[in-house]
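Geometric and topological summary
Given next are the chains, with one letter for each unit.
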Amino acid sequence: MDAAVDAGAGQFELNEEQRAIQEMAQAFAADRVAPNALDWDKARHFPADVIRETGPLGLGGIYVRDDVGGSALGRLDAVLIFEALAHADPAFSSFISIHNMAASMIDRFGSDEQRQRFLPKLTSMEWLASYCLTEPGSGSDAAALKTRAVKSGGDYVLNGAKQFISGAGDSDVYVVMARTGGDGPKGISTFVVPKDAPGLSFGANEHKMGWHMQSTRQVIFEDCKVPAENLLATEGAGFGIAMAGLDGGRLNIAACSLGGAQSALDKALAYTGERKAFGSKINQFQALQFRLADMETELQAARIFLYAAASKLDRKAPDAGKWSAMAKRFVTDIGFDVANQALQLHGGYGYLHDYGIEKLVRDLRVHQILEGTNEIMRVIIARALIGR
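All of the points below concern the structure found in this document. Because the structure is a prediction, the values reported are computed rather than measured.

What follows deals with the nonpolar core. The biggest cluster of nonpolar side chains holds 98 residues, and the ones touching the most others in it are Ile51, Phe92, Tyr131, Met177 and Leu306. Ignoring any residue separated from it by four or fewer positions in sequence, one finds Phe92 in contact with Phe28, Val33, Trp40, Pro47, Val50, Ile51, Thr54 and Met213. Core analysis: the second largest hydrophobic core is formed by 18 residues, Tyr174, Ala178, Val193 and Ala197 among them.

As a further point, take the environment of Cys132. The residue Cys132 is located in strand β1 (residues 129-132) in this model. Sequence separation of Cys132 and Gln163 is 31 residues, and the distance between their C-alpha atoms is 7.9 Å. Ignoring any residue separated from it by four or fewer positions in sequence, one finds Cys132 in contact with Lys162, Ile165, Tyr174, Val175, Val176, Met177 and Val219.

This paragraph deals with the pattern of salt bridges. Proximity of charged atoms lets side chains of opposite charge pair with each other. Enumeration over the complete set of coordinates arrives at 18 salt bridges. Where Arg115 meets Asp67, a salt bridge forms, and the shortest distance between an N and an O atom there is 2.7 Å. Placement of the pair is Arg115 in helix α6 (residues 112-123) and Asp67 in the loop between α3 (48-52) and α4 (75-88), with a sequence separation of 48 residues. Arg115 gets classed as buried once you look at its relative accessible area, which sits at 4%. Look at Asp67 and you get partly exposed, because its relative accessible area is 43%. For Asp89, the salt bridge goes to Lys359, with nearest N and O atoms at 2.7 Å. With Asp89 in the loop between α4 and α5 (90-109) and Lys359 in helix α10 (residues 357-365), the pair connects residues that are 270 residues apart, well separated along the chain. One network of salt bridges, in which partners are shared, links Arg65, Asp67, Asp107, Asp112 and Arg115.

Mapping Pro90 onto the fold places it in helix α5. Sequence separation of Pro90 and Asp363 is 273 residues, and the distance between their C-alpha atoms is 6.6 Å. Look past the residues within four positions of Pro90 in its chain and what remains in contact with it is Cys256, Gly260, Lys359, Leu360, Asp363, Leu364 and His367.

Before going further, it helps to spend a moment on unusual backbone geometry. For Phe278, which is not glycine, the phi dihedral falls at a positive 55°. Tracing the chain through its elements places Phe278 in the loop between β9 (276-277) and β10 (280-281). What makes Phe278 exposed here is its relative accessible area of 82%. Positive phi outside glycine occurs at Glu371, with the angle close to 60°. Within the secondary structure, Glu371 is located in the loop between α10 and α11 (374-386).

Calculation criteria
- Residues numbered from 1 in each chain as written.
- Predicted model: local features only at pLDDT ≥ 70, side-chain atom pairs only at ≥ 80, totals over all residues.
- Heavy atoms only, no water.
- Core = buried A, V, L, I, M, F, W, Y, C linked by side-chain atoms within 4.5 Å.
- Buried < 20%, exposed > 50% of the residue type's maximum accessible area, 1.4 Å probe, protein only.
- Contact = heavy atoms within 4.5 Å.
- Helix = DSSP H or I, 4+ residues; strand = E, 2+ residues; numbered from the N terminus.
- Salt bridge = Lys/Arg side-chain N within 4 Å of Asp/Glu carboxyl O.

Here it is, written out as structure tokens:
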């Protein structure tokens, strides 16, 4: 995809290396993900074996440093990867994004000993990782979380529960935010919790609207013992660590929306070029042509916006956080709308599982909620513009 952007973000084009990364991800997605996506969705199957195949391709630590097996790529590179994977299956791509967010937090904030202990197995995808922030009583108000960690000798003892955790029960490592101090953001710390930690358990797999190939469960801590050496950074640093991970996570989930919506548009173009009504292919009716034209325009605008925001984050621009929030809000809204319009263009067939469109609509809907709801994105943007 040729891209040259000058929207306050500086101009950029995809270079030869980025095109190679994009093509690699597209080839893997077409070969190993797309043929299986509908079956995984129908069976609610978590394809751990195929997920682990992404490790040798360098997708287990996309922006993790290379001394621990990471690919040390940039955020624009990551966006290209997640967009390509999501064209085959947004739910698959989203799990790879979540794993990378957790791994990158260990890489960025962990000690060298922690990095060496956890990351080689995470970047190779021998271990899978989940991110644990949301709780039954705290979603958008993340600083109100109640899960508590109390120091006891050489351990921390955790009690509480996390809600809506992707990969829970299947992942091997959980990056967990827990309260070690008083109320508010300054009392939160971050821990790396292995699956076999005593006192760690998981709730039932949730029955969701979409993302059926991902397990989603509560993560439950009942006097769960975690070695003190698994504390990332220092006590009280956890909220900052969690928020630092979310800027990139928002771009990633936007990329997953973009890839899924592009798939929906591609399906709509193919279907309207074959389906006949009133003696003509339906893509010959001007009303449908206009709708397709608008879908293409909106997706290209979303793509340019997302690439510009990723470029901002790569350059550590001072307004990168605002751009990440704007891109997440804009691209996920456009992505869902395009997928929904593609379903409408399929008529009754769009409502059938075998055509793949209704799955895309179901999968993309949650992107407007997670990594910060789109309403919270508006709060972030407004605060950047006018202050608190």
